[in-house]
Amino acid sequence: MFPAFFVCTKSEVQRVLALEKRFIDKLKTYLIFAGPTTLAFLTVIILPFLFGIYLTFTNWDGIAKAYDFVGFSNYVTVFRDDAFWRSFLLTVKYVAYTVVIVNTLGFILAYILTGDQVPGQNLLRTGFFVPNLIGGIILGLVWRFIFSNILVFIGRQLNISFLSYSWLTNPDKVLWTLVIVSVWQYSGYMMIIFIAGLVNIPKDLIEAARIDGANGFQRLRMLILPLMVPSFIVTVFLTIQRGFMVYDVNLALTQGGPFKTSELISMHVYEKAFLAQQYGVGQSQAFFLFLLVAAISVTQVYFSKKLEVEA
Amino acid sequence: MKRTGLGLCLLVLVLVLASFSPAVLAQDVHITILNSKGEIQTQLEEIAAYYSSITDGVTVEVIAAPVGQSPFERAVALYASGNAPAILMLDAGDVLLFQDRALALNDEKWVKDAIPNSLDMATAEDGRILAFPVTVEGYGFIYNKAVLNEAVGGEFDPATINTRDALKELFDTIENSGNNAIVIGPEDWSLGAHFFALAYSGQSPDLAEVNAFLEGLKNGTVKLADNAVANGLLDTFDLMKEYNYDRLDPLASTYDRGTQLIGEGEVGVWFQGNWAWPGIADFDTTGGQFGFLPVPISNDPTDLGNTQIPVGVTKYFILDGEQNSPAQQQAAKDFLNWLVYDPEGQRRFVQDASIIPAFSNITIAPNDPLSASIMEYIQEGKTMNFILNLPPDHWANVGASMQKYLSNFINRAAFFAEVEAYWQGVGK
């Protein structure tokens, strides 16, 4: 076997050199424009992520200098931890409720606010969007006051039995307080995405459908909804991902209470790592959670892409 | 054009790198204290400002561990960012976790002036003393003296409450006088770390026997249902539940509401510790007439806990020996010595910040009535162990079970089963 360059013709060598030069040029352009971002992404996301995976195989408590390798025993602990699974199922329930309600409500709002005969559209759009600009902690504290003081006051004054006691202390109702606040927080945001989708539907298509005799419901069902699939892919993805990751509202509104019945998965992971001082186990839970959420989101995007239609 | 692009890139890189290098160019020594007693943040800041003003070239800054975040967690984050304060105030149980990074303090002058047992939780297995005892704290039933005087029609004597029946009688007397007897704070830390911990410390005045009891819970040989102290404590809790101001919705109450109700005399009794004083003081209408009652667990006045209240060193300062320069470490040591030995330091630390000191050379006492009441119990020897070596997630888990019991969500057998299950899972 002769080394390759012996059999290369001159033109082939030139082509290889040209390719190499093009690659170096590309790399330069890349480094100039995206270099700093790549560096930042690498140092604050990728490296900690990999280091985190490494820590799942140790029994580190978060501060000690020495720790031992424990193999996969942290993962075994996670699988055997009833509290983790209870919290996970609760989160799945919460995500299911919020995804359905937020998207339905967001779409209805968007549909109404892009109609012809609604006065003050811009004002209303802004109004519905504003809750999304308030930080989760403040939002949680505001709603805690509403749930534990205002609603209870109204309930007792008017003798409405289901409002007379704080929902935040009732293990059966506390999940709904989280759902209500999340719906209030995100519906307006999703509405904006839906509005962007709705105004992009070509008017002539709707016009044509109308001339063909389709009534309002038929136009919505057969024309607008199929054309809105790209918007739904984005909104459902966002709501699923945010639902699984929610922590701030959970902390400020319920603090996981009463007696841990509203402890969503992020809070559970956090408490395992920092309160129980079992960093390895907490990190394993977090990594496991990452895999699950990634799998769910990718599946969702993959399958809903298939629903997309061309106008 | 290309040149400028590359140059710009380099400039950005240099700027990024420059921002990472530590800015310790100044000659002056700057030290930081992590404070985890939120209620004395302002007082500590004033002490730091004063100390900075009287020393040459030393500035002291106080940073706070945010409410709702454990000091351990804040300290871990500061260490991970290479930004550890020179002095860190930690919970007693967390001190030894930092033994790789804390400075050994065996040669400090205050070590021999520290009160007996106050350094137990600060001493590593190899004999190094790693922490400075910040404060002694205690807890029990806080009473509003004005309400109780009105109820008993004269001067209320706290020594009369030494059995559960006496407590019930007191509650009845308060209710008959038109006031409310008690409010139970539903916080998990209060119910788990303080109230139910009475069942552990009530087992024996000897800490070794308490630890043996906890060991028994871990390996499943102790059955709480057969334990007189645990049952007695819950009998008292049942009594408290019966007279609870918020009995209709017991979990809806809050800590702040408790400070207001006791401060304004809306209720006569509240279960808390002397750390609650700054909160109560905001609502105080009685001119500072407050004190502590023990939590009785039986009807025999000689039983442990019926006349004693739990007292212990709850907070420690550790000095960082890793990320601070020798000059900063020395400045931190000097600051602690100033607190213990300088008259002005003592006065500001003990009286301005309402700290019960853990040093026998300090003769002045805090001014607030709750600390004064704790000091009285200490002087009369009526104290028991404040259990501080519980597992770090004990308060959250046992506290949650206590909340269930408080809101009648589970009965006593189920409560004991949950607590036993928690202990058997510790460290697994």
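All values reported here derive from a predicted model rather than from experimental measurement. (Residues numbered from 1 in each chain as written. Chains lettered and ligands numbered in written order. Predicted model: local features only at pLDDT ≥ 70, side-chain atom pairs only at ≥ 80, totals over all residues.)

1. Digging into the overall build of chain B
Consideration 1: For chain B, the helix and strand inventory stands at 16 helices and 9 strands.
Consideration 2: The dimensions of chain B, computed from C-alpha atoms along their principal axes, are 85 × 50 × 50 Å.
Consideration 3: Counting the 428 residues in chain B, one finds 47% classified as buried.
Consideration 4: Sequence-distant contacts in chain B: of pairs separated by 6 or more residues, those separated by 24 or more amount to 74%. (Helix = DSSP H or I, 4+ residues; strand = E, 2+ residues; numbered from the N terminus. Buried ≥ 20, exposed ≤ 12 C-beta atoms within 10 Å, placed from the backbone. Contact = placed C-beta atoms within 7 Å.)

2. Focus on helix α4 (residues 145-152) of chain B
All names here are of chain B.
Consideration 1: Residues Val147, Leu148 and Ala151 constitute the buried set of α4. Down the axis of α4, the smallest arc covering the buried residues is 95°, so these residues share one side.
Consideration 2: Here the buried face of α4 lies against β4 (131-144), α5 (164-176) and β6 (267-273). (Arc of directions from axis to C-beta.)

3. Considering the interface of chain A and chain B
Consideration 1: At the junction of the two partners, chain A supplies 21 residues and chain B supplies 21 residues.
Consideration 2: Secondary-structure elements contributing two or more residues to the side of chain A that touches chain B are α1 (10-55) and α11 (265-275) of chain A.
Consideration 3: For the side of chain A that touches chain B, the element with the highest residue contribution is α1 of chain A, accounting for 4 residues.

4. So, the domain arrangement of chain A
Quoted interface sizes are often the accessible area lost when the parts come together.
Consideration 1: The domains assigned to chain A are domain 1 (4-55) and domain 2 (80-305).
Consideration 2: For domain 1 of chain A and domain 2 of chain A, the distance between their C-alpha centroids amounts to 41 Å. (Domains from an automatic or database assignment.)

5. Some words on the packing of helix α3 (residues 82-113) of chain A against helix α9 (residues 229-245) of chain A
Residue and element names in this part refer to chain A.
Consideration 1: The N-to-C vectors of α3 and α9 enclose an angle of 145°; their axes lie 9 Å apart at closest approach. As for how α3 packs across α9, the hand of that crossing is right-handed. Across the interface between the two elements, Thr91, Tyr94, Val95, Thr98, Val99, Val102, Asn103 and Gly106 of α3 pack against Phe232, Thr235, Val236, Thr239, Ile240, Gly243 and Phe244 of α9.
Consideration 2: Residues belonging to the contact of α3 with α9 are distributed by class as follows: 8 nonpolar, 7 polar and no charged. (Axes fitted to C-alpha atoms, helices over the stretch in contact; angles between N-to-C directions. Left-handed = near helix turned anticlockwise from the far one by under 90°. Nonpolar A, V, L, I, M, F, W, Y, C, P; charged D, E, K, R; others polar.)

6. Quick word on unusual backbone geometry
All names here are of chain A.
Consideration 1: For Asn159, which is not a glycine, the phi torsion comes out positive at approximately 60°.
Consideration 2: Examined against the element boundaries, Asn159 turns out to sit in the loop between α5 (136-158) and α6 (174-199).
Consideration 3: Phi at Gln255 is positive, roughly 50°, even though this residue is not glycine.

7. Overview of the packing of helix α6 (residues 188-195) of chain B against helix α15 (residues 394-406) of chain B
Helix-helix packing: each pair is described by the crossing angle between the helix axes and the interaxial distance.
Residues and elements named next belong to chain B.
Consideration 1: Contact pair α6 / α15: the axes reach a minimum separation of 7 Å and the direction vectors enclose 105°. Taken together, the axis directions place α6 and α15 in an arrangement best described as roughly perpendicular. Residue-level inspection shows Asp188, Trp189, Leu191, Gly192, Ala193 and Phe195 of α6 in contact with α15, the latter providing His394, Trp395, Ala396, Val398, Gly399, Ala400, Met402, Gln403 and Leu406.
Consideration 2: When its residues are assigned to classes, the contact of α6 with α15 shows 10 nonpolar, 4 polar and 1 charged. (Parallel < 35°, antiparallel > 145°, perpendicular 65-115°, else oblique.)

8. What to know about the environment of Val100 of chain A
All names here are of chain A.
Consideration 1: Structurally, Val100 is set in helix α3.
Consideration 2: For Val100, a count of 14 C-beta atoms within 10 Å puts it in the partly exposed group.
Consideration 3: In this structure, the C-alpha to C-alpha distance between Val100 and Thr239, residues 139 residues apart in sequence, is 9.2 Å.

9. Section: the domain arrangement of chain B
All names here are of chain B.
Consideration 1: Each domain of chain B was delimited in the assignment, giving domain 1 (25-137 + 312-377) and domain 2 (138-311 + 380-424).
Consideration 2: Centre-to-centre separation of domain 1 and domain 2, based on C-alpha positions: 29 Å.
Consideration 3: With 17 residues of domain 1 at the contact, the number on the domain 2 side is 25 residues.
Consideration 4: Here the residues of the side of domain 1 that touches domain 2 sort into 7 nonpolar, 6 polar and 4 charged.

10. A closer look at the confidence of the model for chain A
Consideration 1: Chain-level pLDDT for chain A is 84 on average; 97% of the residues reach the 70-or-more range.
Consideration 2: Taken as a whole, residues 1-5 of chain A scores under 50 in pLDDT and shows 1 contact with residues more than four places along the chain or in a different chain. (pLDDT = per-residue confidence, 0-100.)

11. Considering the environment of Pro133 of chain B
Residues and elements named next belong to chain B.
Consideration 1: Relative to the helices and strands, Pro133 resides in strand β4.
Consideration 2: For the pair Pro133 and Asn244, spaced 111 residues apart in sequence, the C-alpha to C-alpha distance is 36 Å.
Consideration 3: Apart from residues lying up to four places away in sequence, Pro133 is in contact with Ala114, Ser118, Leu119, Ala122, Val313, Tyr316 and Ala358.

12. Focus: the nonpolar core
Consideration 1: By size, the foremost hydrophobic cluster in this structure holds 124 residues, and its most contacted members are Val95, Ile142, Ile182, Tyr316, Phe317 and Ile318 of chain B.
Consideration 2: The greatest single-element share of this core, amounting to 8 residues, is contributed by β4 of chain B.
Consideration 3: A domain split of this core shows at least three residues from each of domain 1 (25-137 + 312-377) and domain 2 (138-311 + 380-424) of chain B.
Consideration 4: The residues touching Val95 of chain B, leaving out its near neighbours within four places in the chain, are Leu90, Met121, Ala122, Leu130, Ala131, Tyr316 and Ile318 of chain B.
Consideration 5: Residues Val95, Val99, Leu175 and Ile193 of chain A belong to the second largest nonpolar core, which totals 43 residues. (Core = buried A, V, L, I, M, F, W, Y, C linked by C-beta atoms within 7 Å.)

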